[in-house]
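Commentary on secondary and tertiary structure
This is what each chain is made of:
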Amino acid sequence: LQVDLWQPSSPFHIVEGAVADVRVPQNTTRSLLPFLQQANIHYTILISDLQQAIENQTAGRSHRSRRSLPGYNYEVYHSLEEIEDWMHYLNTTYSDLVHMFSVGKSYEGRPLYVLKLGKRSRPYKKAVWIDCGIHAREWIGPAFCQWFVKEALQTYQTDPDMRKMLTQLYFYIMPVFNVDGYHFSWTNDRFWRKTRSKNMRFHCHGADANGNWKVKWCDEGASLHPCDDTYCGPFPESEPEVKAVAHFLRKHRKQIKAYLSFHAYAQMLLYPYSYKYATIPNFSCVESAAYNAVNALQSAYGVRYRYGPASSTLYVSSGSSMDWAYKNGIPYAFAFELRDTGHFGFLLPEMLIKPTCTETMLAVKNITLHLLKKCH
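Here the structure is a predicted model, which is why all the values come from computation and not from measurement.

Calculation rules
Residues numbered from 1 in each chain as written. Predicted model: local features only at pLDDT ≥ 70, side-chain atom pairs only at ≥ 80, totals over all residues. Heavy atoms only, no water. Helix = DSSP H or I, 4+ residues; strand = E, 2+ residues; numbered from the N terminus. Buried < 20%, exposed > 50% of the residue type's maximum accessible area, 1.4 Å probe, protein only. UniProt positions renumbered as here; feature names shortened; annotations may be inferred. Disulfide = S-S within 2.5 Å. Pairing = 2+ DSSP bridges. 1 Å grid on protein atoms, 1.4 Å probe; cavity = no way out; pocket = protein on both sides within 12 Å on 5 of 7 lines; lining within 4 Å. Points joined across faces, edges and corners; volume = space filled by probe spheres on them. Nonpolar A, V, L, I, M, F, W, Y, C, P; charged D, E, K, R; others polar. Phe/Tyr/Trp six-rings, centres within 6.5 Å; stacked < 30°, edge-to-face > 60°. Lys NZ or Arg CZ within 6 Å of the ring centre and 35° of its normal. Domains from an automatic or database assignment. Contact = heavy atoms within 4.5 Å. Salt bridge = Lys/Arg side-chain N within 4 Å of Asp/Glu carboxyl O.

As for unusual backbone geometry
- The amide bond that connects P272 to the next residue, Y273, takes the cis arrangement and shows omega of 5°.
- Structurally, Y273 is set in the loop between β10 (268–271) and α8 (283–301).
- In the segment running from R339 into D340, the intervening peptide bond is cis, with an omega of 0°.
- With respect to the helices, strands and loops of the structure, D340 is situated in the loop between β12 (332–338) and α11 (353–371).
- The backbone of N40 sits at a positive phi, close to 60°, despite the residue not being glycine.
- Relative to the helices and strands, N40 resides in the loop between α1 (29–38) and α2 (50–58).
- Accessibility expressed as a relative area gives 58% for N40, which makes it exposed.
- Notably, Q267 is not glycine yet its phi reads approximately 60°, a positive angle.

Structure, rendered in structure tokens:
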């Protein structure tokens, strides 16, 4: 079991035999290591100087080669401003395939942009929803959303599968769900996870945008304490980002047949339920889609993803977007946990963006083509 324990005050999933990732202040390392040895707690130092690793990843950000938008670099991480500029550029340049719109505003007043991707071949088409960056620090998510759009636009003319996908379906793609948190992870705290709403009583910011949905809200795996990373919020859909997306999905639920959410890290493909140990009614269809998707993913670089219900494959968590989507009539709901399994964790190096996105693309295409077949 991979558990991220960036806040030692929130040890929700720590059980005997589990693996926990902890950030340790450098000045306490010398005293902590002997304690761990005496307590017979096995440990591995994954990154000896975390601050240096962060600085290495973001060094020269202001002056590194961004190039003009036509030469946009998909193998580096991009700030929110750059991603939004890129979206505006695609909206203008590929107006036959791309339509950009906003589903609402974030807590701090930023627009919540979505790209509608697909050929306007007929008035009604089934659709796939894809969101990335629901947790701010998981930068590989937004990188994949951008990669997916790039691949769709670049291979539409030459790849029969892509042409079929864009002709028969619409894709609603939200490259950065948690815009405030993502911006904050670039400017203040690289490991920020939540939204940025204010809690006056505790002077803590944000809620877990993946625990704020109206499905078994604030039950197992969630925290009622506003300072915790897994804080569920004061009530379901309290976060304007969650409320806006939930409203859009409710409005289009007859059209949207698949919900895909991209997270990091653990190398898993998860499907409902997260909040309970139970088998979903259309288990065989979803299971076969997941099985084929992880095999397609593995064919690229041999990376094996675990797959299965989120509760038993990862851990029990309530109020998740995936469970909410499934409960609201979207039959295929998946959450990807992208690379890696913990060495780099949230600091996945930029050199791994291309292989991660390339293999993930195969899985997403596989799921999408599965949708276009009848599964009983």
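Anyway, onward from the coordinates.
Quick word on the UniProt feature "domain: Peptidase M14" (unreviewed entry) in the protein chain
- If you check UniProt for "domain: Peptidase M14" (unreviewed entry), the listed places come out as residues 76–371 in our numbering.
- End C-alpha atoms of residues 76–371 are separated by 31 Å, and the span's content is 37% helix alongside 19% strand.

Overview of the state of the cysteines
- Taken as a whole and assessed by the stated rule, the structure comprises 3 disulfides.
- Note that C132 is cross-linked by a disulfide to C145, the S-S spacing being 2.2 Å. An S-S torsion of about 85° defines the bridge between C132 and C145 as right-handed. Here C132, found in strand β5 (residues 126–132), pairs with C145, found in helix α4 (residues 140–155); they are 13 residues apart in sequence, far enough to count as distant.
- Using a relative accessible area of 0% as the deciding quantity, one classes C132 as buried.
- Among the residues examined, C145 registers a relative accessible area of 0% and is labelled buried.
- Here C218 connects covalently by a disulfide to C232, the sulfurs 2.0 Å from one another. Its S-S torsion of approximately -65° makes the covalent link between C218 and C232 left-handed. Of this pair, C218 sits in the loop between β8 (204–205) and α7 (240–251) while C232 sits in the loop between β8 and α7; the two residues are 14 residues apart in sequence, bridging distant segments of the chain. Assigned by exposure class, C218 and C232 land together as buried.

Observations concerning the pairing of β5
- Of all 7 residues in β5, 6 are buried, a share of seventy percent or more.
- Where β5 meets strand β6 (residues 169–174), 6 bridges bridge the pair, whose relative direction is parallel. The partner of D131 across the bridge, within β6, is M174.
- Of the pairings in the sheet, the one linking β5 to strand β9 (residues 256–264) comprises 6 bridges and is parallel in character. Across the sheet, the residue bridging to I130 is L260, located in β9.

Let's talk about the side chain of R137
- Structurally, the position occupied by R137 is in the loop between β5 and α4.
- For R137, a relative accessible area of 0% corresponds to the buried category.

Description of the layout of surface pockets
- Put simply, the second largest pocket is a space of about 200 Å³.
- Around the second largest pocket, the lining residues are K126, K257, P331, Y332, H370, L371, L372, K373, K374 and C375.
- Tallied by class, residues from the lining of the second largest pocket come to 5 nonpolar, 1 polar and 4 charged.

Re the packing of aromatic side chains
- If you walk through the whole model with that rule in mind, you get 24 aromatic pairs.
- Plain terms: the ring middles of Y77 and W139 are 5.6 Å apart, the flat faces sit at 65° to each other, and that makes the pair edge-to-face. Of this pair, Y77 sits in the loop between α2 and α3 (80–93) while W139 sits in the loop between β5 and α4, placing them 62 residues apart in sequence.
- We classify Y77 as buried; its relative accessible area is 2%.
- A network of ring pairs unites the aromatic residues F144, F148, F171, F262 and F336 as a single cluster.
- Stacked on the ring of Y170, the Lys or Arg K116 has its end atom at 4.1 Å from the ring centre.
- Positioned over the ring face of W192 is R196, at 4.6 Å from the centre of the ring.

Some points on the domain arrangement of the protein chain
- You can read the domains of the protein chain as domain 1 (4–45) and domain 2 (72–372).
- Summarising the inter-unit geometry, the C-alpha centres of domain 1 and domain 2 are found 30 Å apart.

Some remarks on helix α6 (residues 179–187)
- Across the 9 residues of α6, 8 count as buried, placing the element largely inside the fold.
- Those residues of α6 lying buried are V179, D180, G181, Y182, H183, F184, S185 and W186.
- Buried-residue contacts for α6 involve α3, β4 (111–117), α4 and α7.

Describing the pattern of salt bridges
- Considering all chains together, one arrives at 8 salt bridges under this definition.
- One salt bridge connects K365 with D159, and the closest N-O pair in it is separated by 2.5 Å. Remark: D159 occurs in the loop between α4 and α5 (160–168) and K365 occurs in helix α11; sequence separation between them is 206 residues. Each member of the pair, K365 together with D159, is buried.
- In this structure, R193 and D208 form a salt bridge, with 3.1 Å as the shortest nitrogen-oxygen distance. With R193 in the loop between α6 and β7 (198–199) and D208 in the loop between β8 and α7, this residue pair connects regions lying 15 residues apart in the sequence.

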